[in-house]
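Structural features, examined
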Amino acid sequence: MGRIVLTAMDDIMGRPGVNATLNYAGLAERVDSYPPNNLELGFSFTELAMIQEAIDQLFGERGGRALALRTGRETFKYALKDFMPILGIADLAFRPLHLGIKIKIGLEIFAETFNKFTDQVVRLSEEPDRHLWIIERCPVCWQRTSERPCCHLAVGLLRESLNWVSNGREFLVREDECVATGHDACVITIVKKPIR
Ligand SMILES: [Zn+2]
């Protein structure tokens, strides 16, 4: 997963941008040394959070947010390629199911994937008009403090996953509560009705 995030950052920021971020974050040892392509837990929450914080500091809150959202979207594309064979959901987007059911199945499988292959802990909750993606142990803001919710990478990843599972629809996905702002969990709201 760490390798996927860094590779996605390469695509969005270019290798020089990634190297500058890693150096700024105090992670010079990661420059040109991404985790190997396996499922071992070889990339720490601390590293991921330090990289996110460095992006915010280097590019400003708005610029950093935009970069992290795009990186999150790109991360999902790689994750899909690498995890598809394991998950057995290659055809989920094409199954003749009601959109709402596909979204629900997709979210459940994505949450399971995080819980199984990373130390992240995610659970889902549902209200009539929205799903809540509740990250009880969040790597994106790990040991960070922030005035505003800052898990943009997770928001971007969810937006792209919903875009994939719905064959190109866009959904309102927004982080409403964040551990970095003092809440117990990072709570991301997904409004069920697509915005386009
Ligand atoms: Zn978080």
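Below is a short write-up of the structure.

Taking 1.5 Å as the rise per residue, helix α3 (residues 99-117) with 19 residues should run 27 Å; its terminal C-alpha atoms sit 27 Å apart, in good agreement. Those residues of α3 that fall on the buried side of the exposure criterion are Lys102, Ile103, Gly106, Leu107, Ile109, Phe110, Ala111, Thr113, Phe114 and Phe117. Residues of α3 that are buried make contact with α2 (45-87), β1 (121-127), β2 (130-137), α4 (152-165) and β4 (186-191).

On to the sheet that holds β1. Overall, antiparallel pairing links the four strands, which are arranged β1-β2-β4-β3 in an open sheet. Each edge of the open sheet is held by one strand with a lone partner, namely β1 and β3 (173-177). Across this sheet, the average inter-strand angle for adjacent strands is 25°, counted without regard to direction. Of the pairings in the sheet, the one linking β1 to β2 comprises seven bridges and is antiparallel in character. Bridged to arginine 123 within β2 is isoleucine 134.

Looking now at the coordination of the zinc ion. Here the zinc ion is held by the protein donor atoms Cys138 (SG), Cys141 (SG), Cys151 (SG) and Cys186 (SG), which lie 2.1 to 2.4 Å from it. Taken together, the four donor atoms surrounding the zinc ion define angles of 97 to 121° at the centre, an arrangement classified as tetrahedral. Summarised as a motif, the one-chain spacing of the donors to the zinc ion is C-x2-C-x9-C-x34-C. Taken as a pair, cysteine 141 in the loop between β2 and α4 and cysteine 151 in the loop between β2 and α4 lie far apart in primary sequence, 10 residues in all. Assigned by exposure class, cysteine 141 and cysteine 151 land together as buried.

Moving on, we come to the pairing of β2. Hairpin remark: β1 followed by β2, antiparallel, with two residues in the connecting loop. Here six bridges tie β2 to β4, and the two strands are oriented antiparallel to one another. When the sheet's bridge partners are listed, arginine 130 is paired in β4 with valine 191.

Applying the stated criterion to the full structure yields four aromatic pairs. Plain terms: the ring middles of phenylalanine 114 and tryptophan 133 are 6.0 Å apart, the flat faces sit at 80° to each other, and that makes the pair edge-to-face. Here the residue phenylalanine 114 occupies a position in helix α3, and tryptophan 133 occupies one in strand β2, the gap between them amounting to 19 residues. As far as the burial class goes, phenylalanine 114 and tryptophan 133 line up, both buried.

What counts as what
Per chain, residues are indexed from 1 in the order of the written sequence. Whole-chain, interface and lining totals are the exception, using all residues; otherwise, since this is a predicted model, local features are given only for residues with pLDDT of at least 70 and side-chain atom pairs are given and counted only at 80 or more. Only hydrogens and water are set aside when side-chain values are computed; all heavy atoms of the structure are taken into account. Numbering of helices and strands runs from the N terminus; a helix is a DSSP stretch of H or I covering at least four residues, while a strand is a stretch of E covering at least two. Expected span of a helix: the number of residues minus one, times 1.5 Å. For every residue, the accessible area obtained with a 1.4 Å probe (protein chains only) is divided by the maximum for its type, and the residue is called buried under 20%, exposed over 50%, and partly exposed between those limits. We call two residues in contact when some of their heavy atoms are within 4.5 Å. Following DSSP output, two strands are said to pair if at least two bridges run between them. Angular values range over 0 to 180 degrees, each being the angle between N-to-C directions of two axes fitted as lines to C-alpha atoms, with helices fitted over their stretch in contact. Only nitrogen, oxygen and sulfur atoms count as donors, using a 2.8 Å cut-off from the metal that widens to 3.2 Å for Na, K and Ca. Water is left out, so coordination shells may look unfilled. Site shape is set this way: if four donors have all angles between 85 and 135 degrees, tetrahedral; if opposite donors are over 155 degrees apart and all others between 65 and 115, square planar for four donors and octahedral for six; otherwise irregular. Aromatic rings from Phe, Tyr and Trp, taking only the six-membered ring of Trp, are treated as a pair when their centres fall within 6.5 Å; an angle between ring planes under 30 degrees marks them as stacked, one over 60 as edge-to-face, and anything in between as tilted.

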